[in-house]
Structures are given as structure tokens and as C-alpha cells.
Amino acid sequence: MLSTLRTQVLVVGSGAAGLNAAIAAARNGAETLLVEYQGFLGGISSTLPWLGFHDQQYRQIIKGLPLEIATRLQQAGAAADFELDPKCGSAFSLDNHYFKCLAMEMVKEAGVNLMMHTQVVDTLREGDRITGVVVEHKSGRQVILADIIIDCSGDGDVAARGGAAWEKGRTGDGLVQAPTLVFRLGGIDREGFIRGCKDPNIMYREWLKPYPELWDKMMKRIDDMNVIVCGGFAGLVEQARQAGDHDVPQSRVVGVKLHRADQFQVVMTRILGLDPTNVESLTDAYTAVYEQIPQLIRFFQRWMPGCENAYLVDIAPMLGIRESRRIMGDYVLTAEDVTSGAEFEDGVALGGYHIDIHRPSGTWVESKNVKTYDIPYRSLVARDVEGLMMAGKCLSATHEGVASTRVIPICMAQGQAVGTAAAMAIKQGITPREVRASDLRNTLIDQGAELRQSLEKPDPALIELVGQLPEEEPPTTGDHDEVSQAATAWIR
Ligand SMILES: Cc1cc2nc3c(=O)[nH]c(=O)nc-3n(C[C@H](O)[C@H](O)[C@H](O)COP(=O)(O)OP(=O)(O)OC[C@H]3O[C@@H](n4cnc5c(N)ncnc54)[C@H](O)[C@@H]3O)c2cc1C
């Protein structure tokens, strides 16, 4: 007989979405338990800079709890100012290990109960209601019963094991975005690195290339920028490949020059054809990415400006999986919604980050600009079952839709919305589906969140300063990549 624990709200997974969901649920009065498989809080958000607090018109669209976290990091001297950016809206560079400490502090402050190093291995269901989960940890197996479960596992583990509807990957072949094990380099010469970024012949940021005015604006700011987002240097990568110094299925330097002067976050290891819910596929992926890292370090030392003395500082503790199971909800957010700036009566979070698909097969990314859109409450409530909600990578969206909502601040905002909704449902003795979206929206705004009705007009001075990519910027689509002769060899 397994021991049984009861809670009102159970949050599975403490990444950007789950962390915010748990804090919001507890702050709003629900007895909340957060279960996390790893030995730290924050999931993959504790290994990366955060992109997309601002929309493409430089309005801060993510406020509330995520902004509180960012501000507390800044106050502790553990993060820089937001850096406005024409592709990403904004970039926020932080000391990721410090974020783990703050996350723990905030969870405790809010009164969230915690269970670490604990994995959900099964889901309990009675009729159409998800009633609990089975977990496994060092003490053995245990049952956790909950009135409401919020699946923020990133893999939709609760939904899948409970027979709720989910989808994975792109329509047609089911392939998910290419995953990456990120690592951090130290020993970078900031000035030398920036000199390289200024050299238009090696083009550190491909998106800017067709727009000389935008390039000039960026060059005026770059010496003083806290965070420099890179996506380019294709010529250097190809030269290195031909010289035998680079054999990773990655045709660009992807990564971020961080606010710490000598540090660069490398987002370049890459696996094609991963199934994130298959242990053999995951094991193969881990084997391959650890082989890629030494190669990439040598590439930086030999080929990248300012990186001659680069050395490995740390490797993220988990493979970064950009996409896995998406749980199907009462609404499925689509590419059309995000590119057209859809407004929904039940919008409970905003998004404004471009569609950013690290090609599941082939190199580089597919990208398409968006207009600031609402994320509807219905895409946070699992369909055809009661008692199950979700946020973050598990959001009810298509492969393309989640490619925009997946960045950290937007996952955090969804987390705040879903946690607040769960607490409201508990308080009112109703199911999540019965929560009135208008009440939820008012509560979220009272608690500092930014929604459509509180959003201000764009500031023309900021747009003039930073510049903008044209809305009709041609999307990059398809798997073909002309910059590398090897591109097709990597395609599976
Ligand atoms: C390589 C990479 C680079 C990226 N770069 C950026 C970037 O620079 N900026 C940005 O804003 N966004 C970036 N993103 C996107 C963003 O980081 C993620 O989409 C977002 O953090 C996902 O948050 P999440 O909470 O949904 O999932 P996760 O962070 O994956 O959290 C899921 C949590 O659930 C836990 N878990 C999983 N299964 C179980 C289980 N069965 N039982 C218990 N716990 C479980 C996991 O341990 C984890 O802590 C990147 C993503 C990747 C993969």
C-alpha cells in the first residue's frame, strides 16, 4: 500500500511555467505542492538568458510575477538591464545560478510545499477526472491526490499517462525542434568580440543584413550593450567546417554575449531527429552533444574574434528540449493567431516573440514575425478531462504556435495565469473550466500582470532609437540552407 499525500493544487515541473504557477497558486491562497525531478528549481530557464519580455514595438508585455523575479535579480546585482532588440523584443542576461537561489527563496516565501528529486511516473484518473499522480523518489513510491493538477513538465507527462489528448512535433512527420545542450564559455575578450560583431563581412546577426539603417542603429549601441544576441558568422562556421574544425549540424554561431564581460552562452550543440519521450533517443542525444562540446570550444578558440582564450565554465545540467508533448486544450493556439495578433476575450497573457523554429531536420531556424497576441485561458485547460491544466511548453498550441510562446518570460506569464486560476477555482469550489476568464483577467491585472486592456501605446522614441524589422520581413522557411555545403549531409 503506497503512502498518500493530499493537496489542493499540484504543480508538476518547476521550469519557467511551473515555478510561476506554484508561486501564484500559493500566493492566491491555495495549498500548493510543487514536484520537481531535478535538484534545483527553474528548469531550462535556469541555464539561459531570457528573451521576449518586450514585444516588437518595445512595449513591456510581460510584467507581474515574471517582472518581479527579474527586478529582484537586478536588485541583488545578479542581472543586467533589459536590452531592447529588434528580433527578440528584449534580452535579459542574469546570473543563472543566483536565479536558482532566488527561485527557492520565493517558493518558500509563498508557502509552496516542495518535493525535489521526485518524478511523476503515473497518473490517476476516475472517469473524466484526473485525480492524482504516482511519484517516485528516494523514499520509494507515493500517491499524491490533488483537486487540480498543473502539468508543467514540459513533456506533458501527467496528461500522457492520464490519457488526455496531446500532440508532438510538426504535422506530417512528428519531428520536434532540434534540442541543444547549452554551455558557457569564459575568457572572452569583450572588445575583441565586439570588433568582430562590427565587421559586416562576417555578419554576426543575419537578420540585420538586408536593413542597413537597422544595422547602423545597432552599431551605434553595440559598445554599450549588456547583452548581444548572435545568430550568424556563417562564413566562419563554413570555413571551420572545411578545415575540419567543425562537424556539428549547425551552420551559424548561435548564442549570447552575456552581461558578464568575459562570458558567452553557446547554443550550438544540435541533434536532429530526437524523440524527447524515448529513452534510447535521449541517451543517443546526450552521447552526441557531449562529443560536440569540445569541438565547439576549439571552434571558438580558433575561429571566433576575441575568443582565443575561451574556456569552458559550465554545461547546463539538462539537455535543452525546445518542444515535446503539447497538451490539447479547449483552444489550440495557431501560427495564424500569433502572426495576426489575435485578441481573445479570455486572453490571460500576452506574447510578442517571433515564431522561432530550430529546424527539426536541416540547419538554422525557421522564423516569422508576429504581432502582439493574447494567449487564451482555454489553451491552459486540458480538453475532455477535468482537473488538468498546463502551461509553458505543454501549452495547447500547434508546433508553430508554441514556437512563439515558448520563450521564458511568456512561459512565466502563462504560469502566473494558470496558478492564479487554479487558486480561484479552489476558492470558489468550481472546476478550472468554470473559472470566469473576466474575473481571472481582473485578478491578474490587480496583481501586476500586463494584459491587452492594460497595454499602453508604443513609444515612438524607442522605436526610433532601436529601429524595427519590417513586419513583412521575409520568413525563413524550409530545410534548405545555402550557407553550408554540408547542410544537406546533416539532414535526416
Ligand atoms: C536550448 C534552448 C535554448 C533556449 N534559449 C532561450 C533563450 O535564450 N531565452 C528564452 O527566453 N527562451 C529560450 N528557450 C526556450 C525556453 O527556455 C523554454 O521553452 C522554457 O524555459 C520552457 O519552460 P517550461 O517550464 O515549459 O519547461 P522546462 O524548463 O523544461 O521545465 C520542466 C520542468 O519539469 C521537470 N519535469 C519534467 N518531467 C517531470 C516529471 N515527470 N516529474 C517531475 N518533474 C518533471 C523538469 O525537470 C523541469 O524542471 C530555449 C530553449 C532551449 C531548449
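Just above, that's the structure.
Residues numbered from 1 in each chain as written. Predicted model: local features only at pLDDT ≥ 70, side-chain atom pairs only at ≥ 80, totals over all residues. Heavy atoms only, no water.

Visitor: What is the right way to look at the site of the ligand in this model?
Guide: Surveying the vicinity of the ligand reveals 35 residues, the closest of which are Glu36, Pro49, Asp157, Lys393 and Arg406. A distance of 3.1 Å separates an oxygen atom of the ligand from a polar atom in the backbone of Ala17. A distance of 2.9 Å is found between an oxygen atom of the ligand and a backbone nitrogen or oxygen belonging to Ile408. Protein contacts shield 95% of the accessible area of the ligand, which totals 1,000 Å² for the unbound molecule. (Near = heavy atom within 4 Å. Polar contact = N/O pair within 3.5 Å; in protein donor to acceptor, adjacent residues only side chain to side chain. Areas by Shrake-Rupley, 256 points an atom, 1.4 Å probe, with all protein chains shown as cover.)

Visitor: Just checking my understanding: could you explain the pattern of salt bridges for this structure?
Guide: When their charged atoms lie close together, side chains carrying opposite charge are able to pair. If you walk through the whole model with that rule in mind, you get 30 salt bridges. Note that Glu464 and Lys217 form a salt bridge whose closest N and O atoms lie 3.2 Å from each other. Of this pair, Glu464 sits in helix α13 (residues 460-466) while Lys217 sits in helix α6 (residues 212-221), and the two are 247 residues apart along the sequence. When its relative accessible area of 54% is taken as the criterion, Glu464 is described as exposed. Salt-bridge contacts for Arg452 lead to Glu343; the nearest nitrogen and oxygen are separated by 3.8 Å. Of this pair, Arg452 sits in the loop between α12 (437-446) and α13 while Glu343 sits in the loop between α9 (335-340) and β17 (347-351), placing them 109 residues apart in sequence. We classify Arg452 as partly exposed; its relative accessible area is 24%. Judged by its relative accessible area of 58%, Glu343 is exposed. (Salt bridge = Lys/Arg side-chain N within 4 Å of Asp/Glu carboxyl O. Helix = DSSP H or I, 4+ residues; strand = E, 2+ residues; numbered from the N terminus. Buried < 20%, exposed > 50% of the residue type's maximum accessible area, 1.4 Å probe, protein only.)

Visitor: Honestly, unusual backbone geometry in this entry has me stumped. Any pointers?
Guide: Glycine aside, negative phi is the norm for most residues, and most peptide bonds take the trans geometry. For Met203, which is not a glycine, the phi torsion comes out positive at approximately 40°. By the secondary structure assignment, Met203 is in the loop between α5 (190-198) and α6. Non-glycine residue Asp384 carries a positive phi angle of around 65°. Its place among the elements puts Asp384 in the loop between β20 (373-376) and β21 (388-390).

Visitor: Any chance you could explain the state of the cysteines here in plain terms?
Guide: A covalent bond between the sulfur atoms of two cysteines is what we call a disulfide. Following the criterion strictly, the structure yields zero disulfides and no others. Lacking any disulfide linkage, Cys394 is separated from the closest cysteine sulfur, that of Cys152, by 6.7 Å. Taking relative accessible area as the criterion, Cys394 reaches 0% and is therefore assigned buried. Between Cys411, a cysteine without a disulfide, and Cys152, which holds the nearest cysteine sulfur, the sulfur-to-sulfur distance is 8.9 Å. Exposure remark for Cys411: the relative accessible area of 6% places this residue in the buried category. (Disulfide = S-S within 2.5 Å.)

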